Amino acid sequence: QVQLVESGGGLVQAGGSLRLSCAASERTLMRYGMGWFRQAPENERELIAAINWNGGSTYYADSVKGRFTISRDNVKMVYLQMSSLKFEDTAVYYCAAKRPDRSQYDYWGQGTQVTVSS
């Protein structure tokens, strides 16, 4: 069973930066697509960034394009670099993994809180 653990969340001032990390329990992550989701109290969970198994293809939601960058080492770690943070970025952030033969994300971390003060 793949286990994912997020870290790096916290309180940051608007305009600041934060880097989230997601650590996988095993090297099978090397072959999995990875995504970052977020969920604010009043919203449904939203995919904001995704990266394929070798890092050659990425996706960003319009709300974070130009500000967030997803990356991975294709072994056990995936990252989300967040810059120019806004109050509306406040949410619980989750990393997730999906098998190469599936369209849905099967494995989820516990989430890490990001709070942006205005």
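Refer to the structure above for everything that follows.
Just so it is clear, the model here is predicted, and its values are computed rather than measured.

Draft legend 1. Seen up close, the nonpolar core. One finds Leu4, Trp36, Leu80, Met82 and Tyr93 to be the most contacted residues of the largest nonpolar core, which totals 29 residues. For this core, the secondary structure elements donating two or more residues are strand 3 (18-24), strand 4 (33-39), strand 5 (46-51), strand 7 (68-72), strand 8 (77-82), strand 9 (91-98) and strand 11 (112-117). Excluding residues that lie within four positions of it along the chain, methionine 82 makes contacts with Gly16, Ser17, Leu18, Leu20, Arg67, Phe68, Tyr93 and Val114. Ala50, Tyr94, Ala96 and Tyr105 belong to the second largest nonpolar core, which has 5 residues in total.

Draft legend 2. Summary view of the side chain of threonine 112. Among the secondary structure elements, threonine 112 is positioned in strand 11. Under the relative-accessibility criterion, threonine 112 is labelled buried at 11%. Of the polar contacts made by the side chain of threonine 112, one reaches the backbone nitrogen of glycine 9; its length is 3.3 Å. Leave out the neighbours within four places in its chain, and threonine 112 touches Glu6, Ser7, Gly8, Gly9, Leu20, Ala91, Val92 and Tyr93.

Draft legend 3. Molecular detail of the packing of aromatic side chains. Under the criterion given, the structure shown has 4 aromatic pairs. With a centroid separation of 5.2 Å and 85 degrees between ring planes, the pair formed by phenylalanine 37 and tyrosine 105 is classed as edge-to-face. One end of the pair, phenylalanine 37, is in strand 4; the other, tyrosine 105, is in the loop between strand 9 and strand 10 (107-108), with 68 residues separating them in the sequence. Comparing phenylalanine 37 with tyrosine 105, the two get one shared label, buried. Against the face of tryptophan 53 rests arginine 31, its NZ or CZ located 4.5 Å from the ring centre. Taking NZ or CZ as reference, arginine 45 lies 4.9 Å from the ring centre of tryptophan 108, over its face.

Draft legend 4. Molecular detail of the environment of alanine 97. With respect to the helices and strands, alanine 97 occurs in strand 9. Exposure remark for alanine 97: the relative accessible area of 0% places this residue in the buried category. The sequence separation of alanine 97 and tyrosine 107 amounts to 10 residues, and the corresponding C-alpha distance is 5.1 Å.

What counts and how
Residues numbered from 1 in each chain as written. Predicted model: local features only at pLDDT ≥ 70, side-chain atom pairs only at ≥ 80, totals over all residues. Heavy atoms only, no water. Core = buried A, V, L, I, M, F, W, Y, C linked by side-chain atoms within 4.5 Å. Buried < 20%, exposed > 50% of the residue type's maximum accessible area, 1.4 Å probe, protein only. Helix = DSSP H or I, 4+ residues; strand = E, 2+ residues; numbered from the N terminus. Contact = heavy atoms within 4.5 Å. Polar contact = N/O pair within 3.5 Å; in protein donor to acceptor, adjacent residues only side chain to side chain. Phe/Tyr/Trp six-rings, centres within 6.5 Å; stacked < 30°, edge-to-face > 60°. Lys NZ or Arg CZ within 6 Å of the ring centre and 35° of its normal.

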